[in-house]
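# Per-entry structural report
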Amino acid sequence: MPAPLVRVDPTQPEAAAIGEAAAVLSSGGLVAFPTETVYGLGADALDARAVARLFEVKGRPADNPIIVHVASPTDVDALATHVGATARVLIDRFWPGPLTLVLPAAPVVPEVTRGGLPTVAVRMPAHAVALALIAAARRPVAAPSANRSGRPSPTTAQHVLADLGERIDLVLDAGPAPVGVESTVVDVSGTTPVLLRPGGLPLEALQAAVGAVALPAPGAAATARSPGTRYRHYAPRARVVLVEGRPDAGERVAAAVRRLWDEGLRVGAMVTSEGAAGVPAGAVVRVMGPRAAPEVIAANLFAQLRELDEAGLDAIVVEGVAERGLGRAVMDRLRRAAAGAG
Ligand code: TXA
Ligand code: MG
């Protein structure tokens, strides 16, 4: 039986629905809920058994830690042994919001939540439903994205049901998640902040607030600090072909579509508004948004990947975008989707 889906107002969530969901969390259950980035699958972060079930249900490797969500900036002090000056600046500026901070973990955080690391990732989401749920549960809430491991993150309650409906206890449905890509993850446990995952808060905003932010080169050192980046991610069933480079992107998308047709494949395309004109008739097309509005493209990204996947295509050609603002997170997810399906 699929989990019950409870509709809730995105800005003024009904107390009864929140109370019901909080009771599920308090008894060790799993609740999917909206955040401003994507839907999360929540468990009581301090209940090792509940968090272990999270890993099992998602099919998530045990060494990939889970973000702990809080309802107030001061809640971080119970979860971390030390919150440095840079972390304080980032919290003041960007919480609630799509920014996750990696800090030295306090002993109260179970090892399973931390994936065995000495650090804990903490974020305060900017979504009334998420905040009301965490406050009502009176517990920090561990929540990975509510997809099966390796699939695109869910931006609607329907995506959650499609991936995990049979395996979880409740879904709060408040409509589409507005940002559409997951939070930016920054390690502030050392002296210089390190970007572990580009996301909903642009790198440019971080740099404006705290100056230098280290960008680890892809490879072994980076994956050791950010375990999640080591696994197959965001991959639909169809093969994703990413066309990088901008000026002639439209023509190159068209060429890639024809080449895949020549292989006898059923082909779809995700393109910018500017790139749409060049796509040959006969391909299933989704327009992501204008090149100048990466936030629109981010909001459409995962939903369109899922839609095209459901259309039963063999391959999806995607036009790359400039790595500015949310374009950096969009390209990170697309590169992983393309690598995962290869
Ligand atoms: O926007 C988001 O961040 C969403 C919503 C639900 O809040 N959550 C999310 O969780 O994307 P998840 O589990 O799909 O991704 C969490 C990322 C992973 O790459 C994980 O490895 C990393 O955060 N992470 C968690 N704890 C960490 C830690 N202690 N050190 C380094 N990376 C950590
Ligand atoms: Mg995820």
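Interfaces are often described in size by the accessible area the parts lose on coming together. Domains assigned within the protein chain are domain 1 (5-225) and domain 2 (239-339). A separation of 28 Å is found between the C-alpha centroids of domain 1 and domain 2. Residue-level contacts link 22 residues of domain 1 with 15 residues of domain 2. For the pair domain 1 and domain 2, the summed buried area comes to about 1,500 Å², and 56% of that belongs to carbon and sulfur atoms.

Another point: helix 1 (residues 15-26). Counted at 1.5 Å a residue, the expected span for helix 1 with its 12 residues is 16 Å, and the 16 Å between its end C-alpha atoms agrees. Every buried residue of helix 1 is accounted for by A17, I18, A21, A22, V24 and L25. Seen along its axis, helix 1 keeps its buried residues to an arc of 155°; they face one direction. Residues A15, A16 and S26 are exposed on helix 1 and point more than 90 degrees away from its buried face. Buried residues in helix 1 make contact with strand 1 (5-7), strand 2 (31-34), strand 3 (39-44), helix 6 (128-137), strand 7 (141-142) and strand 8 (170-173). Looking one or two residues past helix 1, G28 carries a phi angle of roughly 90°, positive in sign.

Near ligand 1 there are 24 residues, and of these T37, R60, N64, H69 and S183 occur at the shortest range. At a separation of 2.9 Å, an oxygen atom of ligand 1 approaches a polar side-chain atom of R197. Relative to its free-state accessible area of 680 Å², ligand 1 is covered by the protein chains to the extent of 97%. Those elements giving two or more residues to the shell around ligand 1 turn out to be strand 6 (119-123) and strand 10 (194-197). At 4 residues, the largest contribution of residues to the shell around ligand 1 is made by strand 6. Taken together, the residues that form the shell around ligand 1 break down as 11 nonpolar, 8 polar and 5 charged.

Rules and cut-offs
Residues numbered from 1 in each chain as written. Chains lettered and ligands numbered in written order. Predicted model: local features only at pLDDT ≥ 70, side-chain atom pairs only at ≥ 80, totals over all residues. Heavy atoms only, no water. Domains from an automatic or database assignment. Contact = heavy atoms within 4.5 Å. Buried area = accessible area lost by both parts, 1.4 Å probe. Helix = DSSP H or I, 4+ residues; strand = E, 2+ residues; numbered from the N terminus. Expected span 1.5 Å × (residues − 1). Buried < 20%, exposed > 50% of the residue type's maximum accessible area, 1.4 Å probe, protein only. Arc of directions from axis to C-beta. Near = heavy atom within 4 Å. Polar contact = N/O pair within 3.5 Å; in protein donor to acceptor, adjacent residues only side chain to side chain. Areas by Shrake-Rupley, 256 points an atom, 1.4 Å probe, with all protein chains shown as cover. Nonpolar A, V, L, I, M, F, W, Y, C, P; charged D, E, K, R; others polar.

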